[in-house]
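Residues per chain are reported as follows:
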Amino acid sequence: MSGLMHRNLRLVPPVVASASGIEIVDRDGKRYIDASGGAAVSCLGHAHPDVLAAMHAQVDRVPYAHTSFFTTDVAEMLADVLVDDAPPGLDNVYLVSGGSEAIEAALKLARQHAVEVGEPQRSVFIARRQSYHGNTLGALAVGGNEWRRREFEPLLMHVERVSPCFEYRERRDDETQDAFTDRLIAELEAAIERVGPDRVLGFCAETVVGATAGAVPPTPGYFRRVKEVLDRCGALLIQDEVMCGMGRTGTMYAIEQEGVVPDIVAIAKGLGGGYQPIGAVLAHERVVAPIRDGSGAFQHGHTYIAHATAAAAALAVQRVIRRDGLLGVVRDRGRYLERALAARFDGHPHVGDIRGRGLFRGVELVADRATKTPFEPALRLHARVKAEAMRAGLCVYPMGGTIDGLRGDHVLLAPPFIVRESDLDEIVARLARAIDAAIADAKRDGVARNISLPATQEES
Ligand SMILES: Cc1ncc(COP(=O)(O)O)c(C=O)c1O
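Residues numbered from 1 in each chain as written. Predicted model: local features only at pLDDT ≥ 70, side-chain atom pairs only at ≥ 80, totals over all residues. Heavy atoms only, no water.

**A look at the overall build of the chain**
Line of reasoning, step 1. Across its full length, the chain carries 14 helices and 15 strands.
Line of reasoning, step 2. Taking 460 residues into account, the globule formula puts the C-alpha radius of gyration at 23 Å, and the chain, at 22 Å, falls close to it.
Line of reasoning, step 3. Expressed along its principal axes, the backbone C-alpha trace of the chain runs to roughly 70 × 55 × 45 Å.
Line of reasoning, step 4. Here the chain holds 460 residues, and the buried ones make up 56% of them. (Helix = DSSP H or I, 4+ residues; strand = E, 2+ residues; numbered from the N terminus. Rg over C-alpha atoms; globule rule 2.2 N^0.38 Å. Buried < 20%, exposed > 50% of the residue type's maximum accessible area, 1.4 Å probe, protein only.)

Below you can see the structure in the form of structure tokens.
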């Protein structure tokens, strides 16, 4: 047995031996197409020569210097690059080492801002069900991912919870899309009233929901109206773009497509593309100015903030994205992937919904398409899909609990931006085979274990 604590304490995953472009090779020589970039991380694929060269150069120059003594040119340049392309006013960058740290910093920044503008009574965040903001205690508290939170509930701060903007699951049959959005906004307003408008610190939400629900975009106008509601009560909009940001949906920040300028944005994954652990908080000048003019310091910090080698890697990743026009590529290939998924799965009896933006796509699996009934959670369909996909040499990111943390299964796709159309065809073909094999396996197992499966419209 391994001394290393793996995610599954009873299972050691294959040992990776090398990776290049969109391909990963394990120690036994088995090849995998990386169709999810890990967890939507590897935006440039693996072993990109420009990023490796930048990292080598930084390691030779100065791999690390503590930020209470020095800054580095790479961290300064990275901040400039991020600010240049961010929505207007998001002029301040705080560099951390990952997504959860970015969310923790965002929450603390929101709180310190409230204190420094003379509103120390503000102490409550509002966030949505079926969201994920990270695994540290603050991030886990704002997150609405029930199975991740369950054991830790007694340790988590209170967060006011509202419904997600998840049209496939949450919009009622008798409701138009606009009426659904109206209902969500009314629910947010009611939550603010419950807490007390002058006690709300902010609202935290993923622009396009990632791992928990599977690439769920907002309805048109939702975030614009959320921002208006928050502005009325002086609370901040904290956008979690850890997964959906940095070009993944076809614009650098997914929120650009909503025409909204948030107060704070958290980014990570695609920022450094997996070459180094790095995340960041971008904060609007209206959030940072009162702190700069007040106490003069953000009351936060970690040993590795603005790490030089991590900043050099992220700077190189971001320069390649801009130099090679990869946002346009994401939009083009994203449309291609959308069409390929529709061609393969539109009539599939167990695919209920195909959604997402750019190279960030979700496929929701159902036992019955007409009623949207999910597979029995005990069948762990998502885990079977992952195993079948790995067997077929494909890395995708399936997850269970799509509907409420327990029921529902989806598969998330987030291939590197360098993926070719022929690669996408192969990804969809392998995914289809993995899904069909997993469902056949689940059905056999369901019969053997006497787990009832609703007959599908097509089958009955
Ligand atoms: C939307 C979102 N926020 C935060 C996180 C946490 O990031 P990390 O795993 O880097 O701590 C994740 C990770 O999957 C995420 O998807």
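What follows picks up the thread again.
**Points about the packing of helix H4 (residues 99-116) against helix H10 (residues 285-293)**
Line of reasoning, step 1. The geometry of H4 relative to H10 is characterised by a closest axis approach of 9 Å and an angle of 55 degrees between their N-to-C directions. As the angle between them shows, H4 and H10 are arranged oblique. Our pair here, H4 against H10, has a crossing hand that is left-handed. Contacts between H4 and H10 involve Leu-109, Gln-112, His-113 and Glu-116 from the former and Arg-286, Val-287, Pro-290 and Ile-291 from the latter.
Line of reasoning, step 2. In the contact of H4 with H10, the residues fall into four nonpolar, two polar and two charged. (Axes fitted to C-alpha atoms, helices over the stretch in contact; angles between N-to-C directions. Parallel < 35°, antiparallel > 145°, perpendicular 65-115°, else oblique. Left-handed = near helix turned anticlockwise from the far one by under 90°. Contact = heavy atoms within 4.5 Å. Nonpolar A, V, L, I, M, F, W, Y, C, P; charged D, E, K, R; others polar.)

**A closer look at unusual backbone geometry**
Line of reasoning, step 1. Phi at Met-246 is positive, roughly 60 degrees, even though this residue is not glycine.
Line of reasoning, step 2. As for its placement among the helices and strands, Met-246 is situated in the loop between strand S8 (236-241) and strand S9 (264-267).
Line of reasoning, step 3. A positive phi angle is found at Arg-380, which is not glycine, with a value near 45 degrees.

**Some words on the sheet that holds strand S7 (residues 200-206)**
Line of reasoning, step 1. The seven strands are arranged S4-S10-S9-S8-S7-S5-S6 in an open sheet whose pairing can be described as mixed. Since the sheet does not close on itself, it has two edges, and those belong to strand S4 (92-96) and strand S6 (159-162), each with one partner. Between one strand and the next, the sheet's axes are offset by a mean angle of 20 degrees, whatever the strand orientation.
Line of reasoning, step 2. Of the strands in this sheet, S4, S9 and strand S10 (279-283) touch helix H3 (residues 73-85), which is tilted by about 125 degrees from S4. (Pairing = 2+ DSSP bridges.)

**Digging into the packing of aromatic side chains**
Line of reasoning, step 1. All chains considered together, the criterion is met by three aromatic pairs.
Line of reasoning, step 2. Ring centres of Tyr-64 and Tyr-304 lie 5.8 Å apart, and the angle between their planes is 70 degrees; this geometry places the pair in the edge-to-face category. Here Tyr-64, found in the loop between helix H2 (49-61) and H3, pairs with Tyr-304, found in the loop between H10 and helix H11 (308-323); they are 240 residues apart in sequence, far enough to count as distant.
Line of reasoning, step 3. Tyr-64 gets classed as partly exposed once you look at its relative accessible area, which sits at 30%.
Line of reasoning, step 4. Overall, the relative accessible area of 49% leaves Tyr-304 in the partly exposed class.
Line of reasoning, step 5. Between Tyr-94 and Phe-298, the ring centres sit 5.1 Å apart and the planes meet at 75 degrees, which makes this aromatic pair edge-to-face. Here Tyr-94, found in strand S4, pairs with Phe-298, found in the loop between H10 and H11; they are 204 residues apart in sequence, far enough to count as distant. Each member of the pair, Tyr-94 together with Phe-298, is buried.
Line of reasoning, step 6. Its guanidinium or amino end placed over the ring of Tyr-168, Lys-372 lies 4.4 Å from that ring's centre, counting from NZ or CZ. (Phe/Tyr/Trp six-rings, centres within 6.5 Å; stacked < 30°, edge-to-face > 60°. Lys NZ or Arg CZ within 6 Å of the ring centre and 35° of its normal.)

**Side note on the site of the ligand**
Line of reasoning, step 1. Near the ligand, the surroundings consist of Gly-98, Gly-99, Ser-100, Tyr-132, His-133, Gly-134, Glu-206, Asp-240, Val-242, Met-243 and Lys-269.
Line of reasoning, step 2. With respect to the ligand, the backbone of Tyr-132 contributes an N or O atom lying 3.4 Å from a nitrogen atom.
Line of reasoning, step 3. Contact with the protein chains hides 82% of the accessible area of the ligand, taken as 390 Å² for the molecule alone.
Line of reasoning, step 4. Here the shell around the ligand is composed, by residue class, of three nonpolar, five polar and three charged. (Near = heavy atom within 4 Å. Polar contact = N/O pair within 3.5 Å; in protein donor to acceptor, adjacent residues only side chain to side chain. Areas by Shrake-Rupley, 256 points an atom, 1.4 Å probe, with all protein chains shown as cover.)

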